[in-house]
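Structural overview
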Protein chains: 2
Amino acid sequence: MLAPIALLLAARSDLKSDIDRLRVKGLTELGAHRMLTDLTTNVGARLSGSPGAAKAVVWVGDKLRAMGLRNVREVPCMVPHWVRGQQERASMTSQGNTTKLSVCALGMSVATPSGGVKAQVIEVGSLEEMATVGEKARGKVVFFNKRFDATLSNTFEAYGGAVGTRFGAASAAAKYGAVAVMVRSMTLANDDFPHTGAMGYEDGVNKVAAVALGAQSADRLSEAIHHGRVTVKLETFCKTLPDAPSASVAGEIVGTEKPNEVIVLGGHLDSWDLGRGAHDDGAGVTQAMEALRLIKGLGWKPKRTIRVVAWMNEENGGRGAKSYADMAAQSGQKHVMAMESDSGGFMPRAVGVSKEKVERVAPWLDLLRPFGVEQFREGGADADNGPLEAEGAALFSLEPENQRYFDYHHTASDTIDKVNARELEMGALVMASLAWLCSEEGVD
Amino acid sequence: MLAPIALLLAARSDLKSDIDRLRVKGLTELGAHRMLTDLTTNVGARLSGSPGAAKAVVWVGDKLRAMGLRNVREVPCMVPHWVRGQQERASMTSQGNTTKLSVCALGMSVATPSGGVKAQVIEVGSLEEMATVGEKARGKVVFFNKRFDATLSNTFEAYGGAVGTRFGAASAAAKYGAVAVMVRSMTLANDDFPHTGAMGYEDGVNKVAAVALGAQSADRLSEAIHHGRVTVKLETFCKTLPDAPSASVAGEIVGTEKPNEVIVLGGHLDSWDLGRGAHDDGAGVTQAMEALRLIKGLGWKPKRTIRVVAWMNEENGGRGAKSYADMAAQSGQKHVMAMESDSGGFMPRAVGVSKEKVERVAPWLDLLRPFGVEQFREGGADADNGPLEAEGAALFSLEPENQRYFDYHHTASDTIDKVNARELEMGALVMASLAWLCSEEGVD
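About the thresholds
Residues numbered from 1 in each chain as written. Chains lettered and ligands numbered in written order. Predicted model: local features only at pLDDT ≥ 70, side-chain atom pairs only at ≥ 80, totals over all residues. Pairing = 2+ DSSP bridges. Helix = DSSP H or I, 4+ residues; strand = E, 2+ residues; numbered from the N terminus. Axes fitted to C-alpha atoms, helices over the stretch in contact; angles between N-to-C directions. Contact = placed C-beta atoms within 7 Å. Nonpolar A, V, L, I, M, F, W, Y, C, P; charged D, E, K, R; others polar. Domains from an automatic or database assignment. Least-squares fit on C-alpha atoms with pLDDT ≥ 70 in both. Expected span 1.5 Å × (residues − 1). Buried ≥ 20, exposed ≤ 12 C-beta atoms within 10 Å, placed from the backbone. Parallel < 35°, antiparallel > 145°, perpendicular 65-115°, else oblique. Left-handed = near helix turned anticlockwise from the far one by under 90°.

A look at the sheet that holds strand β13 (residues 334–340) of chain B
All names here are of chain B.
- Overall, mixed pairing links the eight strands, which are arranged β1-β10-β12-β11-β13-β16-β14-β15 in an open sheet. The sheet is open, and its two borders are formed by β1 (70–83) and β15 (375–378), each paired with just one other strand. Adjacent strand axes in the sheet meet at a mean angle of 25 degrees, parallel and antiparallel pairs treated alike.
- Sheet topology note: the strand β11 (residues 258–268)/β13 ladder contains six bridges and is parallel. Bridged to Gly266 within β13 is Glu340.
- In the packing of helix α3 (residues 51–66) onto the sheet, the strands contacted are β1, β10 (239–253) and β12 (304–311), and the crossing angle to β10 comes to about 5 degrees.
- Its contacts with the sheet place helix α8 (residues 319–330) against β1, β10, β12 and β13, and it is angled at close to 145 degrees to β1.

A short note on the sheet that holds strand β4 (residues 103–105) of chain B
Residue and element names in this part refer to chain B.
- The eight strands lie next to each other as β3-β2-β9-β5-β6-β7-β8-β4, forming an open sheet whose pairing is mixed. Edge strands, defined here as strands with exactly one partner in the open sheet, are β3 (97–100) and β4. The mean inter-strand angle of the sheet, taken between neighbouring strand axes irrespective of direction, is 30 degrees.
- In the sheet, β4 pairs with strand β8 (residues 209–213) via three bridges, with the strands oriented antiparallel. By the bridge assignment, Val103 is partnered in β8 with Leu213.
- Along the sheet, helix α5 (residues 155–174) makes contact with β6 (141–144), β7 (180–184) and β8, crossing β7 at roughly 155 degrees.
- The sheet contacts of helix α6 (residues 215–227) involve β2 (89–94), β5 (117–124), β6, β7, β8 and β9 (230–235), and relative to β2 the element is tilted by about 25 degrees.

Topic: the interface of chain B and chain A
- The interface of chain B with chain A comprises 18 residues on the first partner and 18 residues on the second.
- Secondary structure elements with two or more residues in the side of chain B that touches chain A: α1 (4–29) and α12 (421–441) of chain B.
- Considering every element that reaches the side of chain B that touches chain A, the biggest residue donor is α1 of chain B, with four residues.
- Along the lines of polarity and charge, the residues of the side of chain B that touches chain A split into seven nonpolar, five polar and six charged.

Notes on the domain arrangement of chain A
Residues and elements named next belong to chain A.
- The domains assigned to chain A are domain 1 (16–79 + 243–441) and domain 2 (87–241).
- For domain 1 and domain 2, the distance between their C-alpha centres works out to 34 Å.
- In this complex, domain 1 contributes 14 residues to the contact, which on the side of domain 2 involves 16 residues.
- A per-class count over the side of domain 1 that touches domain 2 returns five nonpolar, seven polar and two charged.

Remarks on the relation of the copies chain B and chain A
- With an RMSD of 0.0 Å, the operation that places chain B on chain A is a rotation of 180 degrees combined with a shift of 0.0 Å along the axis. Read as a symmetry element, the transformation amounts to a two-fold axis. Looking at the rotation axis and the C-alpha trace of chain B, the residue lying nearest is Glu374 of chain B, at 3.5 Å.
- With an isologous cut-off of 70% or more, the 100% of interface residues of chain B that recur at the interface of chain A puts this contact in the isologous class.

Details of α8 of chain B
- Over its 12 residues, α8 of chain B runs 17 Å from end to end, which matches the ideal 16 Å to within 8%, given 1.5 Å per residue.
- All buried positions along α8 of chain B are accounted for by Arg319, Gly320, Ala321, Ser323, Tyr324, Ala325 and Ala328 of chain B.

Considering the packing of helix α7 (residues 278–297) of chain A against helix α12 (residues 421–441) of chain A
All names here are of chain A.
- Where α7 contacts α12, the two axes come as close as 8 Å, and the packing angle between them is 55 degrees. Taken together, the axis directions place α7 and α12 in an arrangement best described as oblique. For α7 against α12, the interelement crossing comes out right-handed. Facing Ala283, Gln287, Ala288, Glu290, Ala291, Leu294 and Ile295 of α7, the residues of α12 in contact are Leu424, Gly427, Ala428, Met431, Ala432, Ala435 and Trp436.
- Residues belonging to the contact of α7 with α12 are distributed by class as follows: 11 nonpolar, two polar and one charged.

And the structure:
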């Protein structure tokens, strides 16, 4: 009879050979990239409430059924329905010269009045500086030239330090009578793509139009302001329609021993309307789909149920995550693990894990190293898996290399050519491996 | 009086603040990318013996002098002088249809006879298979369709398993009377850029022309061969001229306490003639230059001499590395550390270190984590720093993320647009940090 330690080693050796098989199949077939190419080419942009988003919901369901997954279904939600309308127009006039500025409306913004606004522009560096400028903003356009802190190694930290400006600029300036705001794009890239993204309005404050400025346009505008009076002309055409019906999409491999213990892998299906949502977050959706395709394709029968979810409306509402969590709470099933990929389809470097699980999963690290994972870090909660913590799920998030993410984020350049097929697949392999490990060994 | 442990901690805290200052300066100024843009735009390709290489030698010297480095000098060497001549031509004819093939001559190959060769093509998978095919190759073109092993996580391992075919195909086939060889490009990318690179001839074997085939052309050719008889027409115009005078270039910050203990950082200045040698290895050269620019710019006075070397002729001879090592042996100075960057300007992940130094440097790892370095790995020897091991130098090599390197390697697409400024700078910061640590703390 084998001693328990030998049994344990035997189990581990089997798991290592399972992960090897996932690797060989994944790196040979590169299924995530094939699916992402299809999604970005044949569906395209997928802003909540848009025809693209509706098409994407059908696309995911069809793919999951074609893979032979069970219980393929839509989880309905009502979503905000913001539309950009026609291409924005912006220019600045300084010392008699008028030049174009590269802009796009921020998501959820109102439009400028018909015919646009034309006013002197003043520059502030932050929301805090706006408060000190105060009444000087009356009747003017305020340009928020908040830069990422380039000295931070991690670009997500730099984003975290700047994105509050994008969200809050409009009301911060309109409080003092500003007629519109322009916000420097949330990026470290030295190009002129404007980066959209969600903004919001404070109750009781006049709603004014908010646009993002490409980084080079922001630099030109700032330089002009430092040389004298600058007038901006700005016209946007966006509007928010009534909430629209939409859905997240799920499908699964039903567990053989504990079918009511659910392991969820996912990303968000909606994207901004610019570009094709390749890194954000077609990558996460297709990685999660690929993880189930690999496990299913190897003919494995997991002990626990492994499910893929493509969440709707992460970008401007989070309605899909909420409706999915509500469904989960009423399902009679227990969500034991929920892993999200929403940081781009770059080479994996780490996996964030709920604090209380870091020790539990540590023995799995060596199994993930072939896919680039060097550490488990405390974390794991992201926008869409976060609500499942209340259901008792251990949260996991994929943390890929981050230097290039904000070069493309929310822009027209978030397209498939920025995604490397092997790097994308490595993320799918991390997800497949963790789902399989959690299914077979449990994560308690 | 402080206890020794407190002194040690104090020293470490100072070093941490030094590395922080390097990070802030580097990530703010991004000097490596500015230099690499200049090199790839205003100098361009730099094949040994070419006008571009000569221009590059001057370019580096000028830059090093402009930064205020001391002892800026050329270290002469004679280099092989191979020239491609006009654009190669290749086509295949199968079932009456003739289509173009994307090819380039392999470096050091002879040309086809004037007017080209036209012959039936046969396919083999490897050098080993060539030996079994034997006399069937007589009078034919042999197509070596050796693929990278895609299931390996590390693309350098995949390259290592395939590149022997590129080097040895011509003689392996000519032994049996083949008239030319075509070798599948050394890449995992699914595109049609042919990848050049060095090949060689065995003494006493007839020299036949060798070309690389783009991956998609290789797939088309292979498919055609599997459907029936295929004829290839191939014409190349390359030749090897007499060895030419060239040089590596060095400059330094002279050590204040131990000027005769030398720390070398470098990359290779030559490149293949296709593309602009951005990742291979303009990246390494400009990272090493940037490391010294940062240290010099901060006004620091290192205890030991910190030197940058741009080695000539890594790609097809290694003459620069040899002449530099010969110079080092006769210099009366001791090379204590030699670090090379020649794996592309991607985000750092690890540093290779001479086996006997892995323990010594382990305490420095946390200082390098902000630049992406997650581990010191046994290794450190690369083509150009390797010869300095005999001088007693501890060898270090930068190991960046490797998934995309062989997408561009030795092709027309190895251009500056494939390099991210922050990722490149992170490598420069690893080099600057290690040079500084070795200078101030020693590496014995």
